[in-house]
Amino acid sequence: MRPELFQAAVDTLLTAITVEFARGTSAACRRTAHLLHSIDTTISIEPIQPMSSHDTPCCLPDSILELLQTVSPVPTVTGIAALTQDLQWHESARSHTPYSQLIGPTGLIKHQSFRVGLFALIPDIDYADHAHPADEVYIVLAGSGSWSLDGRPYQVKRAGAIIEIPSMMTHAMRTGTTPALTVYSWSGDDVSLDHYRFC
């Protein structure tokens with residue numbers, strides 16, 4: 001895709017993502033929507049780097065590509081499907097799942113204190129309890145997965161669900177045979193991985 005068309009497609013996607021975060025009620029959702037509305041979204045000429053040096057480049061697995069072809073109640077999925085081949089994806093060494101950084105210190109659009117990206121939970125994944133200083137919000141865009149917050153029982157979340165996770169709250173995710181595609185944000189005082197830990 002030509003650079004000017006890619007920029008326009010990313011801007012359209014970020015506008016749709018802003019609308020999704022604006023539906024949330026937490027401070028983190030409001031902060032994310034405000035930042036998405038106000039920051040410079042010019043794509044950086046600096047290369048995208050993985051969030052962790054242990055993460056590796058990858059392609060989206062077939063299960064997620066198939067999910068993008070299904071009907072979702074979340075309009076954002078259409079914009080993601082159009083960009084799938086143009087976005088850079090990495091596999092997390094922590095969760096063994098693919099992600100694409102749209103905004104962040106090492107993302108497509110550079111920002112030192114804010115992260116937004118796409119995160120795919122492949123089928124039959126179990127992402128163990130973990131915590132980090134950043135306030136985190138997930139919005140399920142397609143498919144379904146289960147989240148456990150603060151040690152409570154897992155709850156199934158489907159397309160359109162917003163999962164709000166305050167700073168340092170323990171949380172875990174898992175899927176069954178159906179994968180999930182989400183958009184996430186990290187905001188707050190510390191969006192680094194320096195104090196990310198499994199519990």
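To keep things clear, this report deals only with the structure shown in the data block. (Residues numbered from 1 in each chain as written. Predicted model: local features only at pLDDT ≥ 70, side-chain atom pairs only at ≥ 80, totals over all residues. Heavy atoms only, no water.)

Side note on the overall build of the chain
No. 1: The number of helices and strands found in the chain is four helices and twelve strands.
No. 2: Against the globule reference of 16 Å for 199 residues, the chain gives a C-alpha radius of gyration of 15 Å, in line with a compact fold.
No. 3: Each principal axis of the C-alpha distribution contributes one length, and for the chain these read about 45 × 35 × 35 Å.
No. 4: Sorting the 199 residues of the chain into buried and exposed places 52% on the buried side.
No. 5: For the chain, the share of sequence-separated contacts (at least 6 apart) that also reach a separation of at least 24 residues comes to 72%.
No. 6: With an accessible surface of roughly 9,200 Å², the chain has 53% of that area assigned to carbon and sulfur atoms. (Helix = DSSP H or I, 4+ residues; strand = E, 2+ residues; numbered from the N terminus. Rg over C-alpha atoms; globule rule 2.2 N^0.38 Å. Buried < 20%, exposed > 50% of the residue type's maximum accessible area, 1.4 Å probe, protein only. Contact = heavy atoms within 4.5 Å. Areas by Shrake-Rupley, 256 points an atom, 1.4 Å probe, with all protein chains shown as cover.)

Regarding the side chain of D55
No. 1: Within the secondary structure, D55 sits in the loop between α2 (27-38) and β1 (56-58).
No. 2: Notably, D55 is buried but unbridged: the nearest opposite-charge side chain belongs to R94, and the N-O separation is 5.3 Å.
No. 3: Of the polar contacts made by the side chain of D55, one reaches the backbone nitrogen of A93; its length is 2.8 Å.
No. 4: A polar atom in the side chain of D55 sits 2.7 Å from the side chain of Y99.
No. 5: The contacts of D55, once residues within four sequence positions are left out, are P50, H90, E91, S92, A93 and Y99. (Lys, Arg positive; Asp, Glu negative; His and termini not counted. Salt bridge = Lys/Arg side-chain N within 4 Å of Asp/Glu carboxyl O. Polar contact = N/O pair within 3.5 Å; in protein donor to acceptor, adjacent residues only side chain to side chain.)

Some thoughts on the packing of aromatic side chains
No. 1: Within the structure shown, the criterion is met by six aromatic pairs.
No. 2: Taking the centre distance of 6.0 Å and the plane angle of 45° together, the rings of F119 and Y138 count as tilted. Of this pair, F119 sits in strand β5 (residues 115-121) while Y138 sits in strand β7 (residues 135-149), and the two are 19 residues apart along the sequence. Neither residue differs from the other here; F119 and Y138 are each classed as buried.
No. 3: Arranged with centres 5.9 Å apart and planes meeting at 75°, the rings of Y196 and F198 form a pair that is edge-to-face.
No. 4: The class for Y196 is buried, based on a relative accessible area of 13%.
No. 5: Classification of F198 by relative accessible area gives partly exposed; the value is 40%.
No. 6: Here a set of aromatic residues connected by ring pairs shows up, and it is made of F119, Y127, Y138, W147, W186, Y196 and F198.
No. 7: Here R94 stacks its cationic end above the ring of Y196, 4.3 Å away from the centre of that ring. (Phe/Tyr/Trp six-rings, centres within 6.5 Å; stacked < 30°, edge-to-face > 60°. Lys NZ or Arg CZ within 6 Å of the ring centre and 35° of its normal.)

With respect to helix α4 (residues 76-83)
No. 1: Among the residues of α4, T76, V77, I80 and L83 are the ones counted as buried. Seen along its axis, α4 keeps its buried residues to an arc of 130°; they face one direction. Exposed side of α4, more than 90 degrees from the buried face: T78 and A82 are the residues found there. (Arc of directions from axis to C-beta.)

Things to note about α2
No. 1: When the terminal C-alpha atoms of α2 are compared, their 16 Å separation across twelve residues agrees well with the 16 Å that a helix rising 1.5 Å per residue should span.
No. 2: Turning to α2, its buried residues number three or more, namely A28, C29, T32, A33, L35 and L36. One side of α2 carries all its buried residues, which in axial view fall inside an arc of 165°. Projecting away from the buried face of α2 at angles above 90 degrees are the exposed residues R30, H34 and H37.
No. 3: Structurally, α2 contributes buried residues whose contacts are with α1 (3-22), β3 (98-104), β5, β7, β9 (162-165) and β11 (180-187). (Expected span 1.5 Å × (residues − 1).)

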